[in-house]
Amino acid sequence: MFDRLQAVEDRYEKLNELLMDPDVISDTNKLREYSKEQSDIQETVETYRKYKEIKSQIDDTKEMLNDNLDDEMREMAKMELDELEEQMPDLEEKLRLLLLPKDPNDDKNVIVEVRGAAGGDEAALFAGDLFRMYSRYADSQGWKTEVIESNETGIGGFKEVIFMINGKGAYSRMKYENGAHRVQRVPSTESGGRIHTSTATVAVLAEAEDVEVDIHEKDIRVDTFAASGPGGQSVNTTMSAVRLTHEPTGIVVSCQDEKSQIKNKDKAMKVLRARIYDKFQKEAQAEYDEHRKSAVGTGDRSERIRTYNFPQSRVTDHRIGLTLQKLDQILEGKLDEIVDALIVEEQSKMMENAE
């Protein structure tokens, strides 16, 4: 482990030199690449340096105890040694975690797609609940939410809602929401008081930068049409809505949220780029051995990941067997307890595989 840590520190110093090189400073792409790499390993280097500093202090204190000290000085040295040694296990554990492979998408913005699935109107209402939950969670993290496309049912739900969350580290926490979410409750239209089960699917895509996905203009077919509202009625007589079709992959994206065709096209391009990037990532991931995949199943949208049970005010995440009697709080966007538990589980599995 310490050989790897020394290699990381050496690379950090090399990056310092590169970032002062005039040739690098004049090259925007290299400057961004090296700056990001340095930022990614900074915490590891700082923690390793703190570890080495405390280790040196421990060695010095032990050497001091071998000298002829009076009783008072010896007692003080022993107390200092105990305090220093108490810090070492936590630092070593933190260093092990920092050396785990990082998801290159973790710092990115995300595009979230929520769709009502099984359950008709009740599934659409649940999709609306999930959209509001994520919006409130984003607010609590200091992130910004922006709706890209929505298809409302007219009763407060969504057949589909696509939105972007802008904020550092958004993907690192939102990626665990990928999958099928199940709700169990008595619909307002149910006169007999029977509990119904409905589902909504959530897809979380990392926003792709231009340099990561090579999309040629000639491969995209652009169609424009008049925007429509609930029930299909026309809400815009101008051709402001945009549909993009990426012909090599067959991926289609529509956007009609803005009144401007240019803004709609810009938003649609962000979604298209993210979906193509996601497709390429999944194809590459399929080539990995099964044991290298995430322990908590962040990628399969057909996988039932969580149940929201209203009669018992209970939320259960099936991937880690976590049950919380905090349904109201979770729907208000208080997701940290679930997300933190999923991160710990994933890190534990990764550490087991690394041993």
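The structure contained in this document is the topic of the report that follows. Note that the structure is a prediction, hence the values are computed from the model and not measured. (Residues numbered from 1 in each chain as written. Predicted model: local features only at pLDDT ≥ 70, side-chain atom pairs only at ≥ 80, totals over all residues. Heavy atoms only, no water.)

Turning next to unusual backbone geometry. One non-glycine residue, S313, lies in the positive phi region at around 50°. Relative to the elements of secondary structure, S313 occurs in the loop between β9 (304-309) and β10 (314-317). Residue S313 is classed as partly exposed on the basis of its relative accessible area, which comes to 26%. (Helix = DSSP H or I, 4+ residues; strand = E, 2+ residues; numbered from the N terminus. Buried < 20%, exposed > 50% of the residue type's maximum accessible area, 1.4 Å probe, protein only.)

Before going further, it helps to examine the packing of aromatic side chains. Aromatic rings considered in pairs are described by the distance between their centres and by the relative angle of their planes. Enumeration according to the criterion identifies five aromatic pairs in this entry. Aromatic pair Y137 and W143: ring centres 5.8 Å apart, planes at 90°, arrangement edge-to-face. The two residues Y137 and W143 agree in class, both being buried. Taken together, the ring pairs connect F131, F158 and F163 into an aromatic cluster. Positioned over the ring face of F310 is R185, at 4.7 Å from the centre of the ring. (Phe/Tyr/Trp six-rings, centres within 6.5 Å; stacked < 30°, edge-to-face > 60°. Lys NZ or Arg CZ within 6 Å of the ring centre and 35° of its normal.)

Here we take up the environment of K259. Tracing the chain through its elements places K259 in the loop between β8 (251-255) and α7 (261-285). On the basis of relative accessible area, K259 is assigned to the exposed category, the value being 77%. In the structure, K259 is positioned 33 residues away from A226 in sequence and 10.0 Å away in space, judged by C-alpha atoms.

Considering soluble globular proteins, one finds that nonpolar side chains tend to be buried as a cluster. Formed by 38 residues in total, the largest nonpolar core has its most connected members in V112, V114, L130, Y134, I165, M174 and Y308. At the level of secondary structure, the elements contributing two or more residues to this core comprise β1 (110-116), α5 (120-140), β3 (158-166), α6 (170-174), β5 (196-206), α8 (327-331) and α9 (336-354). Examining the composition of this core, we find that eight residues originate from one element, α5, more than from any other. In this view, L130 contacts V114, H181, A200, V202 and Y308; residues no more than four positions away in its chain are not counted. Counting residues in hydrophobic clusters, the runner-up holds 22 residues, among them Y12, V24, I58 and A77. (Core = buried A, V, L, I, M, F, W, Y, C linked by side-chain atoms within 4.5 Å. Contact = heavy atoms within 4.5 Å.)

We now examine the environment of E160. Mapped onto the elements, E160 comes out in strand β3. On the accessibility criterion, E160 (21% relative accessible area) is partly exposed. In this structure the C-alpha to C-alpha distance between E160 and G116, which are 44 residues apart in sequence, comes to 6.4 Å. Ignoring anything within four residues of it in the chain, the contact list for E160 reads V114, R115, E149, S150 and N151. Among the polar contacts listed, one links the side chain of E160 to the side chain of R115, at a separation of 2.7 Å. (Polar contact = N/O pair within 3.5 Å; in protein donor to acceptor, adjacent residues only side chain to side chain.)

Turning our eyes to something else, we now look at the side chain of E346. Assignment of secondary structure puts E346 in helix α9. Buried within the structure, E346 lacks any salt-bridge partner; its nearest side chain of opposite charge belongs to K175, at an N-O separation of 4.5 Å. Among the polar contacts listed, one links the side chain of E346 to the side chain of Y176, at a separation of 2.4 Å. (Lys, Arg positive; Asp, Glu negative; His and termini not counted. Salt bridge = Lys/Arg side-chain N within 4 Å of Asp/Glu carboxyl O.)

Here we come to a negative patch on the surface. A cluster of acidic residues, D70, D71, E72, E75, E80, D82, E83 and E86, forms a negative patch on the protein surface. Position of D82 relative to the elements: it lies in helix α4 (residues 71-98). Residue D82 is classed as partly exposed on the basis of its relative accessible area of 44%. (Patch = residues over 30% accessible without salt bridge, like charges linked within 9 Å, V, L, I, M, F, W, Y side chains within 5 Å. Areas by Shrake-Rupley, 256 points an atom, 1.4 Å probe, with all protein chains shown as cover. Charge placed at Lys NZ, Arg CZ, Asp CG, Glu CD.)

The next point concerns the sheet that holds β10. Here eight strands make up an open sheet; going across it, the order is β2-β3-β1-β5-β4-β9-β10-β11 and the pairing mixed. The open sheet has two edge strands with one neighbour each: β2 (144-152) and β11 (322-324). Adjacent strand axes in the sheet meet at a mean angle of 15° when their direction is disregarded. Direction of pairing for β2 relative to β3: antiparallel, over a ladder of eight bridges. Directly across from K144, in β3, lies its bridge partner N166. (Pairing = 2+ DSSP bridges. Axes fitted to C-alpha atoms, helices over the stretch in contact; angles between N-to-C directions.)

Below, the discussion takes up the environment of E80. Structurally, E80 is set in helix α4. Classification of E80 by relative accessible area gives partly exposed; the value is 39%. Placed 22 residues apart in sequence, E80 and I58 show a C-alpha to C-alpha distance of 8.6 Å.

Once that is clear, we can look at the sheet that holds β8. Spatial strand order, β6-β7-β8: three strands in an open sheet with antiparallel pairing. The open sheet is flanked by β6 (220-225) and β8, the only strands paired with a single partner. On average, each strand axis in the sheet is inclined to that of its neighbour by 15°, with strand direction left out of account. Across six bridges, β6 lies against strand β7 (residues 241-246) in antiparallel orientation. Opposite F225, over in β7, you have A241 as the bridge partner.

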